[in-house]
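Chain residues, written in single-letter form:
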Amino acid sequence: MTPIYPPEPFRIKVTEAIHLIPPEAREAALKEAGYNLFLMKAEDMFVDLLTDSGTGAMSSEQWAAIMRGDESYAGARSFQRLKAAVEDVFGFKHFAPTHQGRAAENILAACLVKPGQWVPSNMHFDTTDANIRARQGRPANLVIDEAHDPENRHPFKGNMDINKLKAFIAKYGREQIPLGMITVTNNAGGGQPVSMENLKAVAQVYRENGIPFFIDSARYAENAYFIKQREPGYENRSVKEIAHEMYALADGMTMSAKKDAIVNIGGLICMNDDTLFQNVKNELILREGFPTYGGLAGRDLDAMAVGLYEGLDEEYLRYRLGQTAYLASRLNEAGIPTLQPTGGHGVYVNAGAIFPHIPNYEFPAQALAVELYREGGIRGVEIGSVMFACLDPEDNKWHYPALELLRLAIPRRTYTQSHLDYVADCLVAIKSRANKVKGYRFTYAPELLRHFTARFEPL
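In this text the structure is predicted, and so the values were computed from the model without any measurement.

Peer 1: Kindly report on the overall build of the protein chain, identifying the contributing residues and their values.
Peer 2: Counting its regular elements, the protein chain contains 17 helices and 16 strands. Against the compact-globule benchmark of 23 Å for 459 residues, the protein chain has a radius of gyration of 21 Å, which places it among compact chains. With respect to the three principal axes, the spread of C-alpha positions in the protein chain is 60 × 55 × 45 Å. In the protein chain, buried positions account for 59% of the 459 residues. Contacts in the protein chain between residues far apart in sequence, at least 24 positions, make up 73% of those at least 6 positions apart. Entry remark: accessible area of the protein chain is about 18600 Å², with carbon and sulfur atoms responsible for 51%. Here the protein chain holds 49 positive side-chain charges and 56 negative ones, and the gap between their average locations is 2 Å.

Given below as structure tokens:
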């Protein structure tokens, strides 16, 4: 039975018109973009679930904060307001703003990762993976085995496997591991949370081995709310208190503020180490700008300061996770398999199960993404072999991800229940003709982050 969907804890003050273009126009748009939805025009989308990154609706308080933006090059009041919020929420000794999360990852990798070194995590997402590889480092994913079973209802499928982590460190040695990470929530694995118990265990292993511990924090508030909901002993703790406990375990963090700080642009890098922070500032000045603006306008810093608190609001988080659960329930009732249990920021449809006749090297999740746009002008994103299959230089073999998923990432405070019902109805229509859908092959693919600019042709 579909759960009762919590009503939006806000009223709508401004609207933006969207249009469903005709089927023949959708087909022409697909062909022009080489069947890559990243290369398509936003104006040709009816419901856009490509990403929840920077696509949410800002609040009236955030828009008011934008008008207070101080555009001074150095030491702006906007920076001081953001600094106070970051220290209050996360508690690290040092921080700098960046223009988005991948900039923070780039700076951290530039300062710490050397060729041939390894960076373990539960599961690195695309930009983290690519920034490590761009420094000739090697990302390693050590998530628990339950994460690869789409029907397993483990409450914290984002957890890192502690035994795998210990074995990994024993194999490669501290000198080959400049830092260790964990992603909250685990985006590549379905938006699944990490438990506090697991965070403590991971932190202890890293600490015992002298490895700096950094948290990829794009959806930290959603993760903290999952801990409140699912982990015994935290049900009466506030989300902010839980976040404090999470970050007290770490040496630093990177964050795309375009997610849980609900801004259109912005990121953070935080740490406690004085020497590392000096190196980070030097790198940031070279790549992003002065350390008190980090590639952002002052108004962006102010919007982020407000958004950090709004992202922690528990009424908002109840609605946010409830909206995702509602869409997953609609799909499951129609026999459409999704990764279970439902994650925080999106619904991950098991494209491999819908199209069992399409092998992973013909990209079943990309095929589902194309069909969803073809059916209803809806844009999602492939999380499968297009994004993550890679040629391993050690054995010269292609390695494919365990799951072929279509992610439907729900922008914050943007779409209503009727939009989600429409998405569900379109997927039901595709399921009825699934055996007729064929796969795709590359006509162009770059070495790194190929899903952004690759082009395809149907088989």
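Peer 1: Please give an account of the state of the cysteines that cites residues and values.
Peer 2: Overall, the coordinates contain zero disulfides when judged by the stated rule. There is no disulfide at Cys 270, and the cysteine sulfur nearest it, in Cys 111, is 14 Å away.

Peer 1: I'd like a rundown of helix H7 (residues 196-208), residues and numbers included.
Peer 2: The first and last C-alpha atoms of H7 sit 18 Å apart over 13 residues, in line with the 18 Å expected at 1.5 Å per residue. Turning to H7, its buried residues are Met 196, Asn 198, Leu 199, Val 202, Ala 203, Val 205 and Tyr 206. Phi turns positive, to about 65°, at Gly 210, one or two residues after H7.

Peer 1: Quick one: what's the story with the side chain of Ser 78, residue by residue and with numbers?
Peer 2: Position of Ser 78 relative to the elements: it lies in helix H3 (residues 77-89). On the basis of relative accessible area, Ser 78 is assigned to the buried category, the value being 0%. If near-sequence neighbours (up to four positions away) are discounted, Ser 78 is found in contact with Arg 68, Gly 69, Asp 70, Gly 298, Leu 301 and Asp 302.

Peer 1: Explain the nonpolar core to me, and be specific about the residues and the numbers.
Peer 2: Grouped together as the largest cluster of nonpolar side chains are 112 residues, with contacts concentrated most on Phe 90, Tyr 220, Leu 268, Val 349 and Leu 427. The element best represented in this core is helix H12 (residues 314-333), accounting for eight residues. Contacts of Val 349, omitting those with residues within four sequence positions, involve Leu 331, Ile 336, Pro 337, Thr 338, Ile 354, Leu 368, Glu 404, Leu 405, Leu 406, Leu 408 and Leu 427. The next biggest cluster of nonpolar side chains, apart from the first, holds 18 residues, and it includes Ile 107, Ala 109, Met 271 and Val 280.

Peer 1: Give a detailed account of helix H11 (residues 298-310), specifying residues and quantitative values.
Peer 2: Along an α-helix, residues three or four apart share an orientation, since each turn contains 3.6 residues. End to end, H11 covers 19 Å across 13 residues, agreeing with the expected 18 Å (1.5 Å per residue, within 8%). Here H11 has its buried residues at Gly 298, Leu 301, Asp 302, Ala 303, Met 304, Ala 305, Gly 307, Leu 308 and Glu 310.

How each quantity is defined
- Residues numbered from 1 in each chain as written.
- Predicted model: local features only at pLDDT ≥ 70, side-chain atom pairs only at ≥ 80, totals over all residues.
- Heavy atoms only, no water.
- Helix = DSSP H or I, 4+ residues; strand = E, 2+ residues; numbered from the N terminus.
- Rg over C-alpha atoms; globule rule 2.2 N^0.38 Å.
- Buried < 20%, exposed > 50% of the residue type's maximum accessible area, 1.4 Å probe, protein only.
- Contact = heavy atoms within 4.5 Å.
- Areas by Shrake-Rupley, 256 points an atom, 1.4 Å probe, with all protein chains shown as cover.
- Lys, Arg positive; Asp, Glu negative; His and termini not counted.
- Charge placed at Lys NZ, Arg CZ, Asp CG, Glu CD.
- Disulfide = S-S within 2.5 Å.
- Expected span 1.5 Å × (residues − 1).
- Core = buried A, V, L, I, M, F, W, Y, C linked by side-chain atoms within 4.5 Å.

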